[in-house]
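The chain contents come next:
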Number of protein chains: 2
Amino acid sequence: MARSGADLALLLLGGFRALADAASAELAKRGHENIRPVHDFAIRTIDAGADTASELARQLGVSKQAAAKTIGFLEQRGYVSGEVDPRDSRRRRFTVTDEGHALLRTGEQVFDELRAQWAERIGTTELERLEEALSDLGIRIPTRFDVPGYLTNPPTD
Amino acid sequence: MARSGADLALLLLGGFRALADAASAELAKRGHENIRPVHDFAIRTIDAGADTASELARQLGVSKQAAAKTIGFLEQRGYVSGEVDPRDSRRRRFTVTDEGHALLRTGEQVFDELRAQWAERIGTTELERLEEALSDLGIRIPTRFDVPGYLTNPPTD
DNA sequence: ACGGTTTTGACAACTAGGTTGTCTATAGAC
DNA sequence: GTCTATAGACAACCTAGTTGTCAAAACCGT
């Protein structure tokens, strides 16, 4: 019997949730509490050069205020630190701290470990096949997952 | 080169998003605007017997107020209709209307069509293998996806 | 060098989808 | 018949966003 399309969607969501929740829990154990994918993503984007709130907002496709709030959290937690740009005193330029880089490394590691656990369970071949299939479907890596009510609201684009 | 665990997570999320967004858009075209998976799920749960706000709340694992709000939306849109229980005047008992059943049918159909599109692109075998792999991983179908900021907040359970 | 336009980041007010706590009315139990 | 539990409503709050407004600073064209 063929599965239904709805089941397929829920399997994908369930898979993501399983990974994301496990990763968040594991990160908490390793000293990074309340970290979710969005924070990792934001730090990465800052590290890649989006070093002001406005620029981060543009790169992430959110409002400046939302980006500023995220930066506020990251700064308060010590993952990034910011100083006023001497050449443009409107700007505060942010850099990723050692702690921030440590978070990125740990995050990668945790996800890789989880992936390895999956590979153990169903076999490396099968897992790679799954990834290959999703890639072949042209699934683009989402660049925004910090949309509130994403699952309940209609897409705005 | 082996993919990273983080990419795997994003692929899964991207896959779900692709399906959910396409389904929502297609449902809108067919006369059901602003419908998201959560509404389908709620209607199904009511149809399965959770015919009061409190019962729906329990089944969905959300607060009574959240359930009442969802029911309010569904009622206003004509997908369910409610009357005071003659044997317990505290309760309002809801039933799924014809319109509600039509939405469920259309929703199923839309998802099945999307799945068929995927099957065309990567082959039925490959798609079934993907589903099989996820099932084998013990991914449980999420019963709650109406959590705000789900992707940004730590899990509460 | 001055004046108009753009950009930065902050503030306030709002939305959507949740939460908890309090309350009344009704129902059920001993 | 009182005591307890349940249904649903209301208010207040939370979180992660949004838009609009604004002052200060920077950029640009004449």
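These lines cover the structure that appears in this document, whether it is placed above or below.

Thresholds applied
- Residue numbers here run from 1 along each chain, matching the order of that chain's written sequence.
- Chain A is the first chain written and ligand 1 is the first ligand written, with later ones labelled in order.
- Reporting in this predicted model follows two pLDDT cut-offs: at least 70 for local features of residues, and 80 or more for side-chain atom pairs to be given and counted; totals over whole chains, interfaces and linings ignore these cut-offs and use all residues.
- With hydrogens and water stripped out, all remaining heavy atoms of the structure feed into the side-chain values.
- Here a helix means four or more residues in a row that DSSP labels H or I, a strand means two or more in a row labelled E, and each is numbered from the N terminus.
- Remark: exposure states derive from per-residue accessible area (1.4 Å probe, protein chains only) relative to the maximum for the residue type, with buried under 20%, exposed over 50%, and partly exposed in between.
- Residues are treated as being in contact if the distance between any of their heavy atoms lies within 4.5 Å.
- The Shrake-Rupley method, run with a 1.4 Å probe sphere, supplies the accessible areas, and residue values consider only the shown protein chains as cover.
- Definition used for salt bridges: Asp or Glu carboxyl oxygen within 4 Å of a side-chain nitrogen of Lys or Arg.
- Between the N-to-C directions of two axes lies an angle of 0 to 180 degrees, each axis being a line fitted to C-alpha atoms and, for a helix, fitted only over the stretch in contact.
- Note on angle classes: values under 35 degrees are labelled roughly parallel, values over 145 roughly antiparallel, values of 65 to 115 roughly perpendicular, and the remainder oblique.
- Left-handed is the label given to a crossing in which the near helix is rotated counterclockwise from the far helix by less than a right angle, and right-handed is the label when the rotation is clockwise.
- Each residue is assigned to one of three groups, with Ala, Val, Leu, Ile, Met, Phe, Trp, Tyr, Cys and Pro labelled nonpolar, Asp, Glu, Lys and Arg labelled charged, and all others, Gly among them, labelled polar.
- N or O atoms within 3.5 Å of each other form a polar contact, as long as, within protein, one can give a hydrogen and the other can take it, and as long as residues adjacent in sequence are counted only when both atoms are side-chain atoms.
- For a helix, the expected span equals 1.5 Å multiplied by the number of residues minus one.
- Strands are treated as partners if at least two bridges between them are detected by DSSP.

### A few points about the overall build of chain A
A tally of helices and strands in chain A yields six helices and two strands. The 157 residues of chain A split such that 46% are buried. By sequence separation, contacts in chain A at least 24 residues apart represent 54% of the contacts at least 6 residues apart. Summed over its atoms, the accessible surface of chain A is roughly 8,100 Å², and 47% of this surface lies on carbon and sulfur atoms.

### Points about the pattern of salt bridges
Pairing between side chains of opposite charge can happen when their charged atoms approach one another. Residues and elements named next belong to chain A. Tallied over the full model, the rule gives 28 salt bridges over all chains. A salt bridge links Asp-88 to Arg-90; the shortest N-O distance between them is 2.9 Å. When its relative accessible area of 71% is taken as the criterion, Arg-90 is described as exposed. Across the pair Arg-91 and Asp-88 runs a salt bridge, and its minimum N-O distance is 2.8 Å. When its relative accessible area of 13% is taken as the criterion, Asp-88 is described as buried. Each of Glu-26, Lys-29, Arg-30 and Glu-113 takes part in salt bridges that share partners, so that together they form one network.

### Observations regarding the packing of helix 1 (residues 5-29) of chain A against helix 5 (residues 98-122) of chain A
All names here are of chain A. As a packed pair, helix 1 and helix 5 sit with axes 10 Å apart at the nearest point and diverge in direction by 130°. Judged by the angle between their axes, helix 1 and helix 5 are oblique. In the crossing of helix 1 with helix 5, the sense of the turn from one axis to the other is right-handed. Counting all contacts with helix 1, which are made through Gly-15, Ala-18, Leu-19, Ala-22, Ala-23, Glu-26 and Leu-27, the residues of helix 5 involved are Leu-103, Thr-106, Gly-107, Val-110, Phe-111, Leu-114 and Trp-118. For the contact of helix 1 with helix 5, the class distribution of residues is 10 nonpolar, three polar and one charged.

### Focus on the side chain of Arg36(A)
Inspection of the secondary structure puts Arg36(A) in the loop between helix 1 and helix 2 (37-47). A polar atom in the side chain of Arg36(A) sits 3.3 Å from the side chain of Asp21(A).

### Points about the packing of helix 2 (residues 37-47) of chain B against helix 3 (residues 53-60) of chain B
A pair of packed helices can be characterised by two numbers: the angle between their axes and the separation between those axes. All names here are of chain B. It is at 10 Å that the axes of helix 2 and helix 3 come closest, and there the two elements cross at 115°. Taken as a pair, helix 2 and helix 3 cross one another with a handedness that is right-handed. Here helix 2 contributes Phe-41, Ala-42, Thr-45 and Ile-46 to the contact with helix 3, which in turn contributes Leu-56, Gln-59 and Leu-60. Its residues assigned to classes, the contact of helix 2 with helix 3 shows five nonpolar, two polar and no charged.

### With respect to helix 4 (residues 64-76) of chain A
Residues and elements named next belong to chain A. Look at helix 4: 18 Å from first C-alpha to last across 13 residues, which is about the 18 Å you get at 1.5 Å a residue. Packed against the buried residues of helix 4 are helix 2, helix 3 (53-60), strand 1 (80-85) and strand 2 (88-96). Where helix 4 ends, the next residue or the one after it, Gly-78, has phi of about 85°, a positive value.

### So, the pairing of strand 1 (residues 80-85) of chain B
Bridge analysis of strand 1 of chain B against strand 2 (residues 88-96) of chain B gives six bridges, and the strand direction is antiparallel. Residue pairing across strands places Glu83(B) opposite Arg93(B), the latter belonging to strand 2 of chain B.

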